[in-house]
Every structure is written in C-alpha cells, then in structure tokens.
Amino acid sequence: MTTWGVLLGVSFGYGVFHAAGPGHGKVVLSTYLASQGGAWRRALGLSVLAALLQGVMAIAIIGVLVFGLGWLTRQAMGSIDQAELASFAIVTLVGLWLCIRSLRRLWRSRHTASNAAATTVTPAFTPVTTSPVSPHSSLGPMVPSQRHTHDAHCGCGHDHHIDPRQAGDWRVALLTVLSIGIRPCSGAVLLLGAASLLDQFGKGVVAVLAMSLGTALTVSSLALLSVLARDWVKRHLKPARGGGQWQSWVGLAGGALILVLGLSLTLAQWQRGPAAGPPMLGAPTAQQSDPAPGPFGAGRG
C-alpha cells in the first residue's frame, strides 16, 4: 500500500512540475482566454478537460495499439508524432478561425458606425405630431413615446460590442481543448508502456490519471492568471475611443498569435521527420526497422 501511494504521489507531482515546462498547450489556452475572454469557471473547465484528455489519449494509444493491435510499445510511442501533427494542425485552424471572427466583428462594427453617422443628422425643424385630445381631459396634447430596442443593426450610434463572457464560442473552446488534449504527454505514454511490460496496465492507468490531475492544477493556475490579467486591463485602461472595438482588436491579435504558433509548430514537425525511439526501450533491430503500417502510419521503433 505504501508503494502504491508513493507511485500516485510521484505521478501527481510529475504532472504538476512537468506541466510547468514547455508544452501541454499552456500558451494556446492562455492566449485564447486572455484575448477572447472568459470567466474563471470557464478557464478552470477548459484546463481540466484539456489535461484529462491528454491522459485519456495516452491510455487509448497504449490500450488500442499495444493490446488491441499487437504493436510493440516502441511502435506505439512512435505514433505520438502523428498525434502531435494533428494537434498542431488543429491549433492552426483555431487561430485562423479566431482571426476571421475578429475581422468580421470589426467590419460589422465599422459598418454600424457608418450607418449611425448617416442617420444622426437632424433637420433644422422637426414637427411634433400631437395625438388627439379628449374634450374632458386637461392634460393637453400628448407626444407619443418612441421606445427603442438596441440591437446590432439599429444604427443608433451606441456601442453593441459582444460581452467578453459570450465572446468565446463553445465550439471554438472545445476545438481548443481538442487541439491541446489530442497530443498525449510523452511521460504518460512511457509510464503506460512500462506498466504494460510489467503486466500492471491497470495501475498505470490510475497513475496517469493522477498525473493528469497534477497537470490540470498547473495549467488551470496559468489560465486563471490570464483571466485575471484581462480583467485588470479591462478595469484600469477603459478605452474611451473605439467603444468595444478594442476587444475585437485584442481577439485578432490573440488569434494571429495562435495561428503563427500553429503554423510554425506544424512546419517544424513536418520537417523533423521520424523521431528516435525512447532510450529505455532499446534501439530497434534490423528486423524491426520497418514495422508493419497501422492506422496511424508506420510505427517507429
């Protein structure tokens, strides 16, 4: 029981400290929350989902490829490259969509402002239309009240920017989580591979889940800092000119950053080629140099 507790504690601690290093989608998630907006509950939810999805993907890779398809653990480790490439491609799509959405909002805001400027020119004399007066009434003529409902196309000149809590579409948020979680943690895959060789795959699964909780703790802390930083800027800067357009400009900058990051990572992964096998699993032999192709392409030894 003591050994089991030590394994869970070490796995949780590894997730906490390892997530503080490069990777694990911290830049993507923090940029998304800082530029697109979101409450602290949203930040916590996305962080936990992304971290747990990384653990589930590691379990799926070993469980399906090793136990389901009979791959070697070394070959299953090689499939992480394909998962990384898919993750970076989705990051690129998220950044592209955020840029397009911000540009559309800026265009609509400018179009509404132009219409408002054209309709706010008042004539020199505006006749007042009076309503019929009852002969028994002493109130005199009554001017009918003109109630106005604000919307995005009313052209009244008021600001109709989207609330930051509604700015992040849930579909884009889930796509962001998918782009982060589809790439499993290499440490989790290595732990599951060693557990499968020792016939302790079940314990390896529990340890990976503990590792995912540690990762979620670190990633959610950074995500909360992004939300707090955005709220601080919103409270203290209070841009007077441009109304709510500043939020669209911030969203465009964040989307552009995610787009550039996704493109650079995709190109780097594409040009890097096959990765070397894990040292602790040994080097591939001549018979294992060309493994049979699987659903994720040829396994790398």
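Small disclaimer: the values here were computed from a predicted structure and weren't measured.

Participant: Would you mind going over the pattern of salt bridges in detail, with residue names and values included?
Facilitator: In this structure the tally under the stated criterion is one salt bridge. One salt bridge connects E84 with R183, and the closest N-O pair in it is separated by 2.4 Å. With E84 in helix α5 (residues 80–119) and R183 in the loop between α7 (170–181) and α8 (186–197), this residue pair connects regions lying 99 residues apart in the sequence. With relative accessibility at 23%, the residue R183 sits in the partly exposed group.

Participant: Talk me through α7; I want residue IDs and the actual numbers.
Facilitator: When the terminal C-alpha atoms of α7 are compared, their 16 Å separation across 12 residues agrees well with the 16 Å that a helix rising 1.5 Å per residue should span. Those residues of α7 not exposed but buried are V172, A173, T176, V177, S179, I180 and G181.

Participant: I'd like to hear about the environment of W40, residue by residue, with values.
Facilitator: For W40, the location among the structural elements is in helix α3 (residues 40–68). Measuring from C-alpha to C-alpha, the distance between W40 and A223 comes to 8.3 Å, with 183 residues separating the pair along the chain. Beyond its immediate chain neighbours, meaning those up to four positions away, W40 contacts L224 and V227.

Participant: Describe a nonpolar patch on the surface, listing the residues and the values that go with them.
Facilitator: Together, L93, L96, W97, I100, L175 and L178 make up an exposed nonpolar region whose accessible area comes to about 490 Å². When residues of the nonpolar patch are traced back to their parent elements, those giving at least two are α5 and α7. For the nonpolar patch, the leading source of residues is α5, giving four residues. Taking the relative accessible area as the measure of exposure, I100 reaches 36% and is therefore partly exposed.

Participant: Outline the nonpolar core, supporting the account with residue identities and numerical values.
Facilitator: One finds L29, Y32, L33, L46, L98 and I258 to be the most contacted residues of the largest nonpolar core, which totals 21 residues. At the level of secondary structure, the elements contributing two or more residues to this core comprise α2 (26–36), α3, α5, α7 and α9 (201–236). Residue contacts for L46: discarding those within four places in its chain leaves L29, Y32, L33, A173 and V177. Among the nonpolar cores identified, the runner-up in size contains 17 residues, and I61, I62, W71 and M211 belong to it.

Participant: I'd like a description of the packing of α3 against α7, backed by residues and values.
Facilitator: Two elements in contact, α3 and α7, have axes separated by 8 Å at closest approach and are oriented at 40°. Of the two elements, α3 crosses α7, and the hand of that crossing is right-handed. Of α7, the residues touching α3 (which contributes R42, L46, L49, A50, L53, Q54 and M57) are W170, A173, V177, L178, I180 and G181. Looking at the contact of α3 with α7 residue by residue, the classes come out as 10 nonpolar, two polar and one charged.

Participant: Account for the environment of L7, naming residues and giving values.
Facilitator: With respect to the secondary-structure elements, L7 resides in helix α1 (residues 2–18). Separated by 200 residues in sequence, L7 and A207 place their C-alpha atoms 6.9 Å apart.

What counts and how
Residues numbered from 1 in each chain as written. Predicted model: local features only at pLDDT ≥ 70, side-chain atom pairs only at ≥ 80, totals over all residues. Heavy atoms only, no water. Salt bridge = Lys/Arg side-chain N within 4 Å of Asp/Glu carboxyl O. Helix = DSSP H or I, 4+ residues; strand = E, 2+ residues; numbered from the N terminus. Buried < 20%, exposed > 50% of the residue type's maximum accessible area, 1.4 Å probe, protein only. Expected span 1.5 Å × (residues − 1). Contact = heavy atoms within 4.5 Å. Patch = residues over 30% accessible without salt bridge, like charges linked within 9 Å, V, L, I, M, F, W, Y side chains within 5 Å. Areas by Shrake-Rupley, 256 points an atom, 1.4 Å probe, with all protein chains shown as cover. Core = buried A, V, L, I, M, F, W, Y, C linked by side-chain atoms within 4.5 Å. Axes fitted to C-alpha atoms, helices over the stretch in contact; angles between N-to-C directions. Left-handed = near helix turned anticlockwise from the far one by under 90°. Nonpolar A, V, L, I, M, F, W, Y, C, P; charged D, E, K, R; others polar.

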